[in-house]
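# Per-entry structural report
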Amino acid sequence: MNERLGRYAGRAAAGIILAVGLAGAAHAEGNRTGGTGLYLTESAETLAPGAFRLGLYGQYLKYDLPADPEDWDLSPQLAWAPARNLELAVSLPLLHHHEGPAGDDTRIGDGSLGLKYSPFPRVAALGFVTLPFDDKAHGGGAGESEVGFAGIVSLPLGAGVAADLNLGYAFAGGAGDDALFYGLGLSVPVGGRTKLFGEIAGRTYGEGHTHDSLEFDLGVRHRLTDRLSVTAGGGSGSRGDYGPHDPAMRLFAGVTMDFGGAVEQPA
């Protein structure tokens, strides 16, 4: 009996080691804020030391209101790993086009600057600040800086399937409301270079805001080469209120290119 239990334990341990190895071999693509992750969520993974990644994401947002306001964003991104397990990410919508009841307007949107540190495998801490180049009147921003912190856990679920869990708190400046934010992303490999993913991301605001927000999306990511990746997908919010966190419809597409560092091979 003990020998049989030992064999079962050995097989289970081998399976866990294989799952962890597959998850560790995942490629570090960027999310909407430039950090390593899916689109709405962050992963605990960071770029290889000395590596940097250039990205370009575009998105279309539509809000469910009588005037049917719409936003278009085109955001260059940069991520850099100055040291092992450390990643600096910047994203800035250089082209933010808003169509609303007061007319159309094109300007720079709100950007973000984030720093991620992974002290242990599959666990990371994230700090970020928003860059308020836009304002509420033009539909593209909060009109004030926001500082936030988050914990990230990435769990291997076997056969290359992985889950990314995010939980954090954002401190709003001025008359804004602080918010607890959270996210869950699930990615599934399809072949050696393609993976499908789904995400849920939301915010629970402090007293004074009219509602919480919750978004869903589905996407696909494909690696054209070991360093070049493309991503596309779409989703929606659970509410139709007019705000930057809960669009009635979101479509997005992007491309990232890695430079320097060690090239990670497909799982």
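Described below are features of the structure shown in this document. The structure presented is a predicted model; accordingly, all values stated were derived computationally and were not measured. (Residues numbered from 1 in each chain as written. Predicted model: local features only at pLDDT ≥ 70, side-chain atom pairs only at ≥ 80, totals over all residues. Heavy atoms only, no water.)

Per the counting criterion, the structure on display carries seven aromatic pairs. Their ring planes at 15° and their centres at 5.1 Å tell us that Phe52 and Phe259 sit as a pair that is stacked. Taken as a pair, Phe52 in strand S1 (residues 52-62) and Phe259 in strand S14 (residues 249-259) lie far apart in primary sequence, 207 residues in all. Assessed through its relative accessible area of 32%, Phe52 is described here as partly exposed. Their ring planes at 70° and their centres at 6.5 Å tell us that Phe149 and Phe171 sit as a pair that is edge-to-face. (Phe/Tyr/Trp six-rings, centres within 6.5 Å; stacked < 30°, edge-to-face > 60°. Helix = DSSP H or I, 4+ residues; strand = E, 2+ residues; numbered from the N terminus. Buried < 20%, exposed > 50% of the residue type's maximum accessible area, 1.4 Å probe, protein only.)

A separate point is the pattern of salt bridges. For the coordinates displayed, the defined rule picks out eight salt bridges. Glu87 is the partner of Lys116 in a salt bridge, and the nearest nitrogen-oxygen pair spans 3.9 Å. Separated by 29 residues along the polypeptide, Lys116 in strand S6 (residues 111-120) and Glu87 in strand S3 (residues 86-91) bring together distant segments of the chain. The two residues Lys116 and Glu87 agree in class, both being buried. Through salt bridges with shared partners, a single network forms among Glu29, Lys195 and Arg223. (Salt bridge = Lys/Arg side-chain N within 4 Å of Asp/Glu carboxyl O.)

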